[in-house]
Amino acid sequence: MVNLSTVTTSNKALTSQPLVAVFVAGSSGIGSYALLALCSAFASHGSGGAGLRAYVVGRNKDVALALLEECERMCPRAVFRFVQVGDLALLSEADVAVREIEKWEKEAEARGVGKARIDLLFMTASPVLFQPRTETHEGLDIFTSLLLYSRLRFIHSALPLLLSSTLPSAHIISIYAATVQDSLDTTDLTLRKPGNYTFTRSRGHVVYMKTLMFEQLAKRYSGKLSLVHAFPGLVITPSFSKEELPWWWRCGVGWFVRNVVGGIIALKPEESGARTLFMGTARYAGRGVEVSKEDDGGQAVVGTDGFENSGAYGLNWDGEVAKRIDWKSKGVVDKDVFGMEVWQHVMSVCKSVDKGEKFAG
């Protein structure tokens, strides 16, 4: 476990410079905790948050504005903006959000207050669990799109801004069950075959495909991007009480976790936020970027491909490296070949959306 003193020190070092941060689904839950941690770290310098520009992408304007008011109290010299979208499961909505951020960033650059860019990108959307397969009008399962396709689309659309980061590498942090594995059907990536879709299998497919996509992105933009897929641990957020959840969860398991287990082992919002922000520090470097002993705590971080400082990382909630995927046990004979298949699959999804077509693959 990375101790909290290291987390605090690293977060303070990160915020000793101007930053542009984006929080997708950041108006509540883990994303909001990370934003508050960012503000707290900036405030610790006594500069009122000067040099910070932060964007919160979400649906609920009232909730987001209340959060941003709190941020403004902590960092009165920072700039906070809300980017409203209709449905984060839609790739087209990811494009809308990026265009809005790009517009504001270009305006900031024109005013001479900083280069148009994104330094930190946090993606923390929390889908409703235990639901049957339900497709968006783009032809994608809502659960899988929220956790995989729309996040990858956001990265793809935001690449010009990410590649303009003033940090050694732009940092992308995607929160979900990075350590959770299940079966993999390499012949049915979207799990369309009758009887193939289950919650746990879909979750597994998200983990496997995101791991491979992040490795591909780290290679293609070597040294420019650091990509983290992380398991957040047990954090009690508003998602535990969603009305769409099955009654047995809301009245049974969910209630027990919130009111009994949560008080004992759940991470407090402050710690969750600090540790999430820490995943965007220099410790998790872009591919081939040199890391100092002060940044890495004395040991290099091993990426999901098994190599040190490879630019793509799978992490536990405590900042330590998660267990690597045994691809052969999942039926993958050649990981590189399968990785390209996944890349081509995701690109075909994007092309369908670009053409205004419903994806049927």
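See the structure shown above.
Rules used in this analysis
- Residues numbered from 1 in each chain as written.
- Predicted model: local features only at pLDDT ≥ 70, side-chain atom pairs only at ≥ 80, totals over all residues.
- Heavy atoms only, no water.
- Phe/Tyr/Trp six-rings, centres within 6.5 Å; stacked < 30°, edge-to-face > 60°.
- Helix = DSSP H or I, 4+ residues; strand = E, 2+ residues; numbered from the N terminus.
- Buried < 20%, exposed > 50% of the residue type's maximum accessible area, 1.4 Å probe, protein only.
- Lys NZ or Arg CZ within 6 Å of the ring centre and 35° of its normal.
- Contact = heavy atoms within 4.5 Å.
- 1 Å grid on protein atoms, 1.4 Å probe; cavity = no way out; pocket = protein on both sides within 12 Å on 5 of 7 lines; lining within 4 Å.
- Points joined across faces, edges and corners; volume = space filled by probe spheres on them.
- Salt bridge = Lys/Arg side-chain N within 4 Å of Asp/Glu carboxyl O.
- Expected span 1.5 Å × (residues − 1).
- Pairing = 2+ DSSP bridges.
- Axes fitted to C-alpha atoms, helices over the stretch in contact; angles between N-to-C directions.
- Core = buried A, V, L, I, M, F, W, Y, C linked by side-chain atoms within 4.5 Å.
- Right-handed = clockwise from strand over helix to strand, strands pointing away.

Tallying each qualifying case throughout the model produces eight aromatic pairs. Plain terms: the ring middles of phenylalanine 143 and phenylalanine 199 are 5.4 Å apart, the flat faces sit at 75 degrees to each other, and that makes the pair edge-to-face. Of the two residues, phenylalanine 143 is situated in helix α5 (residues 142-162) and phenylalanine 199 in helix α6 (residues 199-220); the sequence distance between them amounts to 56 residues. Just as phenylalanine 143 is buried, phenylalanine 199 falls in that class too. An aromatic cluster of three or more residues is present, and its members are Phe143, Tyr176 and Phe199. Directly above the ring of tryptophan 343 sits arginine 220, whose terminal nitrogen or CZ lies 3.8 Å from the centroid.

Here arginine 275 is to be found in helix α8 (residues 269-278). Beyond its immediate stretch of four places on either side in the chain, arginine 275 contacts Met1, Val2, Asn3, Leu4, Val7, Trp317 and Asp318.

Right, let's talk about empty space enclosed by the protein for a bit. Under the criterion given, the structure shown has four cavities of 30 Å³ or more. In this structure, the largest cavity encloses a volume near 130 Å³. Together, 13 residues line the largest cavity, and Thr304, Gly314, Lys323, Arg324 and Ile325 are the ones closest to its centre. As a volume, the second largest cavity reaches approximately 100 Å³.

Bringing the pattern of salt bridges into the picture now. On inspection of all chains with the given rule, the structure shows 12 salt bridges. Sharing partners across several salt bridges, the network here consists of Arg133, Glu135, Arg192 and Lys358.

Here we come to α6. Between its first and last C-alpha atoms α6 spans 31 Å; for 22 residues at 1.5 Å apiece the expected length is 32 Å, and the two agree. By the criterion of burial, α6 is predominantly enclosed, with 18 of the 22 residues buried.

What follows is about the sheet that holds strand β7 (residues 312-315). Taken in spatial order, the seven strands of this open sheet run β3-β2-β1-β4-β5-β6-β7, and their pairing is parallel. The open sheet has two edge strands with one neighbour each: β3 (79-84) and β7. Each strand of the sheet is rotated relative to its neighbour by a mean of 15 degrees, with strand direction disregarded. Here strand β6 (residues 225-230) runs beside β7; their pairing, made up of four bridges, is parallel.

Attention shifts here to unusual backbone geometry. Even without glycine at this site, alanine 25 takes up a positive phi of about 65 degrees. Examined against the element boundaries, alanine 25 turns out to sit in the loop between β1 (19-24) and α2 (29-43). Residue classification places alanine 25 among the buried positions, given a relative accessible area of 16%. The phi torsion at asparagine 309 lies on the positive side, around 50 degrees, for a residue other than glycine. For asparagine 309, the position within the fold is in the loop between α9 (293-296) and β7.

Take the nonpolar core next. Formed by 66 residues in total, the largest nonpolar core has its most connected members in Val22, Val57, Ile101, Leu121, Phe154 and Leu162. It is α5 that contributes the most residues to this core, 12 residues altogether. In this view, valine 57 contacts Val22, Phe23, Val24, Ala25, Gly26, Val83, Val85, Leu88, Ala97, Ile101 and Phe154; residues no more than four positions away in its chain are not counted. One finds Ile30, Phe82, Ala230 and Phe278 within the second-largest nonpolar core, a separate group that totals 46 residues.

With that settled, consider the pairing of β6. Taken across its six residues, β6 has six buried, putting it largely inside the fold. Pairing of strand β5 (residues 170-175) with β6 involves six bridges; the strand directions are parallel. Each bridged residue has a counterpart across the sheet, and for isoleucine 175 the counterpart in β6 is alanine 230. Once you follow β5 into α6 and on to β6, the crossover reads as right-handed.

Once that is clear, we can look at the pairing of β5. Extensive coverage of β5 is indicated by the burial of six of its six residues. The alternating pattern of β5 places Ala170, Ile172 and Ser174 and His171, Ile173 and Ile175 on opposite faces, both of which are buried. The sheet contact formed by strand β4 (residues 120-123) and β5 spans four bridges and is parallel. If you follow phenylalanine 122 over to β5, its bridge partner there is isoleucine 173.

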